[in-house]
Amino acid sequence: MNLDWIVIAHSVRTQKHKMGFLTTKMMERTALFLSFGSYLTSLTTAFLPLWKTMNSDLNEVENWFSGLWLTCLYTDERGIQCKAYDSVLGLPMDLQISRVLVLISIGTGGFALLTAFLGLEGVEMCVRKPDVKRGLLIFSGVMTWLSGLTTLAPVSVVAYTTVVEFWDEGFPDVMPRWEYGEAMFSGWFGGLGQVIGGTLFFVAVCMGDYDLQRLSVPVSPELKPRTKHYLKTEVL
């Protein structure tokens, strides 16, 4: 009787673990969705000409916008007009470095999403071995981290140079100065989201290792079913 109750209790605990919300499969998909959304945010930020804005007090009808690839002018009469930079070598050093880092972020982030999808539990496309899937998730976490950091770095560099130039006492007070644009804040959110998403990939790997360790634990002798021995009798 006691053995039956032990087996039932063990089965109930196993079912609760499978039905729990915070499972390895759910953690993997949460990490993928967060990384994907943050990657789209970072990708949009990279091409928006809204990294810096400038409004002139002398001419209030003109608003200037600047990004990594374009400079735009908005007026009430002509609307918005954008123009690419004439020369790459003529750009400030912070913009040149930011361009390189943003391209690295786009490449590593896209590759991380692809490998993460192949490493998901339940996805039997191309890869079916658990050890290979575990390695893909670890690689995806590292690449997502790298993509997030290479998004945060250029945004922070441009933000630093903007602050330094804004408070530069060598410029006359009447001259307009560049200020933060909306794209810088979206870049910070996108990069931070990718860093968190990469961390969740590592958490999912640790949870999967813990589940495998639970399954590999030997069953206690008390839980093993008892075999029945029958005495062979022979009719004389």
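Residues numbered from 1 in each chain as written. Predicted model: local features only at pLDDT ≥ 70, side-chain atom pairs only at ≥ 80, totals over all residues. Heavy atoms only, no water.

Kindly report on the UniProt feature "transmembrane region" (unreviewed entry) in the protein, identifying the contributing residues and their values.
Within the UniProt annotation, "transmembrane region" (unreviewed entry) is assigned to residues 31-51, 100-123, 135-163 and 183-206. The span residues 100-123 is 79% helical and 0% strand by assignment, and the distance between its end C-alpha atoms comes to 34 Å. As a span, residues 183-206 carries 100% helix and 0% strand, and end to end its C-alpha atoms are 35 Å apart. (UniProt positions renumbered as here; feature names shortened; annotations may be inferred. Helix = DSSP H or I, 4+ residues; strand = E, 2+ residues; numbered from the N terminus.)

Describe the packing of helix H2 (residues 24-47) against helix H3 (residues 93-118), naming the residues involved and giving the relevant values.
One can describe the packing of H2 onto H3 by two numbers: an axis separation of 10 Å at closest approach and a directional angle of 155°. One way to sum up the angle between H2 and H3 is to call them roughly antiparallel. Remark: the crossing between H2 and H3 carries left-handed chirality. Along the contact surface, H2 presents Leu32, Ser35, Phe36, Tyr39, Leu43, Ala46 and Phe47, while H3 presents Val102, Ser105, Ile106, Gly109, Gly110, Leu113 and Ala116. (Axes fitted to C-alpha atoms, helices over the stretch in contact; angles between N-to-C directions. Parallel < 35°, antiparallel > 145°, perpendicular 65-115°, else oblique. Left-handed = near helix turned anticlockwise from the far one by under 90°. Contact = heavy atoms within 4.5 Å.)

Explain empty space enclosed by the protein to me, and be specific about the residues and the numbers.
A complete count under the given rule lists two cavities of 30 Å³ or more for this structure. Quantified by volume, the largest cavity comes out at close to 70 Å³. As for the largest cavity, its lining consists of Ser42, Thr45, Ala46, Trp51, Val102, Ser105, Ile106, Thr151, Pro154 and Val155. Of all the elements in the fold, those that place two or more residues in the lining of the largest cavity are H2, H3 and helix H4 (130-166). (1 Å grid on protein atoms, 1.4 Å probe; cavity = no way out; pocket = protein on both sides within 12 Å on 5 of 7 lines; lining within 4 Å. Points joined across faces, edges and corners; volume = space filled by probe spheres on them.)

Before we move on, can you summarise the environment of Glu28 with the specific residues and values?
Within the secondary structure, Glu28 sits in helix H2. Residue Glu28 is classed as buried on the basis of its relative accessible area of 4%. Counting along the chain gives 88 residues from Glu28 to Ala116, while the straight-line C-alpha distance between them is 8.5 Å. (Buried < 20%, exposed > 50% of the residue type's maximum accessible area, 1.4 Å probe, protein only.)

Go over the pattern of salt bridges with me, naming the residues and quoting the values.
Inspection of the entire model under this criterion finds two salt bridges. One salt bridge connects Lys83 with Asp86, and the closest N-O pair in it is separated by 3.7 Å. A salt bridge links Asp209 to Arg134; the shortest N-O distance between them is 2.9 Å. Placement of Asp209 in helix H5 (residues 182-216) and of Arg134 in helix H4 is noted, with a sequence separation of 75 residues between them. (Salt bridge = Lys/Arg side-chain N within 4 Å of Asp/Glu carboxyl O.)

With reference to specific residues and values, describe the sheet that holds strand E4 (residues 79-84).
Strands pair in a sheet through their backbones, by hydrogen bonds, and they do so in one of two ways: parallel or antiparallel. Here five strands make up an open sheet; going across it, the order is E4-E3-E2-E1-E5 and the pairing antiparallel. Each of the sheet's edge strands pairs with one partner strand only, and the pair in question is E4 and strand E5 (179-180). (Pairing = 2+ DSSP bridges.)

Mind laying out the packing of H3 against H4, listing which residues take part and the relevant values?
Where H3 meets H4, the axes come as close as 8 Å, and the angle between the chain directions of the two elements is 160°. With respect to each other, H3 and H4 are oriented roughly antiparallel. Here H3 runs over H4; the crossing is left-handed.

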